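Descriptive structure summary
Letter by letter, the chains look like this.
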Amino acid sequence: MSNLAQFLTVLIAGLVLVIAGVTIAKLISPISKNFQKGEPYECGLPTHGTSWMQFRVGYYLYAILFLMFDVETIFLFPWSTVVRSLGIMGLVSILIFITILGLGLAYAWRKGILKWM
Amino acid sequence: MLLLNYSQPLELSGIIESVDTFLRTNMSPGWATFVEGVIVCVAILALYCIIALALIYIERKITAFFQARLGPNRLGPYGVIQSIADMVKILIKEIIHINRSDKFLFYAAPFFVIVSSFLAFGVIPFGIDLQAIDFNIGVFFYTAASSIGIIGVLLAGWSSNNKYSMLGAMRSGAQFVSYELSAGFALMTIVVLSGTMQFSELVEGQRYCWNLFNGHISSIIAFIIFMISGHAETNRGPFDLPEAESELTAGYHTEYSGLTFGFFYLAEYLNMFIYCSIATTVFLGGWMPIQIPGLDALNEVMWYIPSYVWFFGKTGLLIFLSLWVRWSFPRLRIDHLLNLEWKYLLPINLVNLLVMVVIVLTDTSLAGLFPSLLATN
């Protein structure tokens, strides 16, 4: 099978499992309406306000750092398959690339972004 | 391909080939592909569910033994039917709607989680010819596909209208994206060593020397880092902060009930299986039997054990290791967890990658040192 057919087959298998599962469960499971049942479960206490609220900025900073290194991953994967034929020049060029990114991480570290406050 | 001069009666590649030729001779190419697609679809669905049920049973039993309990022992011999009974029970439970929750995102979340684990499941080579997706960028595809799941987790936490779910999802997101980097770099180290991203070629290349030994020091560091980060990505063991039950009830899936909860549960177990089997394929030779250069009689005998038995055996060992870790260490705190990744694993990984490049360029890998014994072609 072609690559697209392989991909679509597995994708459809995943979708079929969720759709069929939820449909069957909806058909055979009991339904009883009750307002209390729909309350969010926060350990028995009534909830205050909505949960779509502000949250810690630390998560955002980690996401930004992740983005930096994830883009690096995209550049490094093609390089890693051909490093044998690139020889010493491949090592030197990627050493410069990784050093710059390492400096970025060191800067973030120094600025205290990696400290969970 | 493999050059074997004897028949292997227990391998499934013969059956697959005869079905393929039967379909191709009796139908037009389009229909044949369609029917094959349906067969693969059904097979992968069945395998997914069977592995999930088996893993749930195995986990409960092994956990019980670690804690000096008996575990499930009522239904069937040694309680083997327990997880099937649980599945039926979960199917007939009501799916509860939460007031003021975002309904569309609430139901979209299980799709992301399950589809991502299916795509990652598809790339695993279970045996000779037993692989649904075989791209030439397999390792990259695995990294991409497995990281879609976190979208589902974040949606689940966001849409539940529950503060604990929200916190759990945020923790899970931070943890997942952090450890995703380590897993990717560890795999990249092996791609540098073997020079290919296709899983079938990776397995073939490890015929006489597993990648774990081939790149010696660098490979072993990569293997340990991959196992740690795989463990953290699946939110298990000492890294189960997103669902720390004493702080966050059940984390991001607190508000899910019935089968929608079941999907998160299923995906968690399958993700454990997937990272263990990727570790097997990339580091431990996948379905390749143990081959010792020089001992031809032994090598020949080893081929009589079917490839899928080798694969599940090796994966089972890694799963046992993962369960052992899970029940041996106390839970980490979130700042310790993120420090472990960003201050230790990531710098070690970057250096390790460069060390591996040096090993490859100076031909000091085992296959480079002993080309007459260990070279595969």
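Within each chain, residues carry numbers counting from 1 in the order of the written sequence. Lettering of chains starts at A and numbering of ligands starts at 1, both following the order in which they are written. Only residues with pLDDT of at least 70 get local features here, since the model is predicted, and only at 80 or more are side-chain atom pairs given and counted; chain-wide, interface and lining totals rely on the full set of residues.

Looking only at helices and strands, one finds three helices and zero strands in chain A. For 117 residues, the compact-globule estimate of 2.2 N^0.38 gives 13 Å, and chain A exceeds it by more than 25% at 25 Å. The dimensions of chain A, computed from C-alpha atoms along their principal axes, are 70 × 50 × 15 Å. For the exposure call, what matters is how many other C-beta atoms sit within 10 Å of a residue's own: 20 or more marks it buried, 12 or fewer exposed, and in between partly exposed, using C-beta atoms placed from the backbone. Residues counted as buried form 14% of the 117 residues belonging to chain A. Strands are runs of DSSP state E lasting at least two residues, helices are runs of H or I lasting at least four, and both sets are numbered from the N terminus onward. Each radius of gyration is computed over the set of C-alpha atoms, and the globule rule expresses the reference value as 2.2 Å times the number of residues to the power 0.38.

Our next topic: the overall build of chain B. Secondary structure summary: chain B contains 17 helices and zero strands in total. For chain B, the spread of C-alpha atoms along the three principal axes comes to 65 × 55 × 45 Å. A buried classification covers 50% of the 377 residues belonging to chain B. A pair of residues counts as a contact when their C-beta atoms, built from backbone coordinates, are separated by no more than 7 Å. Sequence-distant contacts, at least 24 apart, represent 79% of the contacts inside chain B between residues at least 6 apart.

Residue and element names in this part refer to chain B. Working convention: axes come from line fits to C-alpha atoms, limited for helices to the stretch in contact. Angles between N-to-C directions cover 0 to 180 degrees. Relative to each other, helix α2 (residues 29-66) and helix α3 (residues 82-91) sit at 115°, their axes nearing to 8 Å. Seen from above, α2 lies across α3 with right-handed handedness. Listed contacts from α3 to Leu-53, Ile-56 and Tyr-57 of α2 are Gln-82, Ser-83, Ile-84 and Met-87. Here the residues of the contact of α2 with α3 sort into five nonpolar, two polar and no charged. Crossings are sorted by hand: turned counterclockwise from the far helix by less than a right angle, the near helix makes the crossing left-handed, and turned clockwise it makes it right-handed. All amino acids are sorted into three groups, where Ala, Val, Leu, Ile, Met, Phe, Trp, Tyr, Cys and Pro are nonpolar, Asp, Glu, Lys and Arg are charged, and the leftover types, Gly among them, are polar.

Glancing now at the interface of chain B and chain A. Counting residues at the interface gives 64 residues for chain B and 55 residues for chain A. Elements that contribute at least two residues to the side of chain B that touches chain A include exactly α2, α4 (103-122), α7 (163-194), α12 (258-283) and α15 (334-361) of chain B. For the side of chain B that touches chain A, the leading source of residues is α7 of chain B, giving 13 residues. A per-class count over the side of chain B that touches chain A returns 39 nonpolar, 18 polar and seven charged.

Okay, unusual backbone geometry next. Residues and elements named next belong to chain B. The phi torsion at Tyr-78 lies on the positive side, around 55°, for a residue other than glycine. Position of Tyr-78 among the secondary structure elements: in the loop between α2 and α3. At Asn-235, a residue that is not glycine, the phi angle is positive and equals roughly 55°. Looking at the secondary structure, you find Asn-235 in the loop between α10 (216-233) and α11 (245-248). Judged by local crowding, Asn-235 falls into the buried class, with 23 C-beta atoms found within 10 Å.

Next up on the list: α10 of chain B. How far a helix is expected to stretch is found by multiplying one less than its residue total by 1.5 Å. The end-to-end C-alpha distance of α10 of chain B is 25 Å, a good match for the 26 Å that 18 residues give at a rise of 1.5 Å each. Just past α10 of chain B, the residue Asn-235 of chain B takes up positive phi, approximately 55°.

Right, let's talk about the packing of helix α1 (residues 3-28) of chain A against α12 of chain B for a bit. With their axes 9 Å apart at the nearest point, α1 of chain A and α12 of chain B run at an angle of 150° to one another. Judged on the interaxial angle alone, α12 of chain B and α1 of chain A are roughly antiparallel. In this structure, α1 of chain A meets α12 of chain B at a crossing whose hand is right-handed. Contacts between α1 of chain A and α12 of chain B involve Val-18, Gly-21, Val-22 and Ala-25 of chain A from the former and Gly-258, Leu-259, Thr-260 and Phe-263 of chain B from the latter. Residue composition of the contact of α1 of chain A with α12 of chain B, grouped by class: five nonpolar, three polar and no charged. An angle counts as roughly parallel when it lies under 35 degrees, as roughly antiparallel when it exceeds 145, as roughly perpendicular when it falls between 65 and 115, and as oblique in every other case.

Moving on: helix α14 (residues 307-326) of chain B. All names here are of chain B. Taking 1.5 Å per residue, 20 residues should reach 28 Å; α14 reaches 29 Å between its end C-alpha atoms and fits that length. Residues of α14 that are buried include every one of Ser-307, Trp-310, Phe-311, Phe-312, Lys-314, Thr-315, Leu-318, Ile-319, Ser-322, Leu-323 and Arg-326, and no others. The inward-facing, buried residues of α14 abut α2, α10 and α12.

Our focus in this paragraph is the confidence of the model for chain B. Of all residues in chain B, 96% have pLDDT values of 70 or greater, and the mean over the chain is 84. Across the interface, the model reports ipTM at 0.87; the global pTM reads 0.89. Predictor confidence is given residue by residue as pLDDT, running from a minimum of 0 to a maximum of 100.

Time to look at the nonpolar core. Residues and elements named next belong to chain B. Judged by nonpolar contacts, the single largest core of 121 residues is most densely connected at Leu-187, Val-192, Phe-226, Leu-270, Phe-273 and Ala-279. Among the elements that take part in this core, α7 stands out by supplying 19 residues, more than any other. Beyond its immediate chain neighbours, meaning those up to four positions away, Phe-273 contacts Ile-51, Leu-55 and Ile-319. Each nonpolar core comprises buried Ala, Val, Leu, Ile, Met, Phe, Trp, Tyr and Cys residues, the members being joined through C-beta atoms within 7 Å.

This part is about the environment of Ile-348 of chain B. For Ile-348 of chain B, the position within the fold is in helix α15. Sequence spacing of Ile-348 of chain B and Lys-163 of chain B is 185 residues, and the spatial spacing of their C-alpha atoms is 36 Å.

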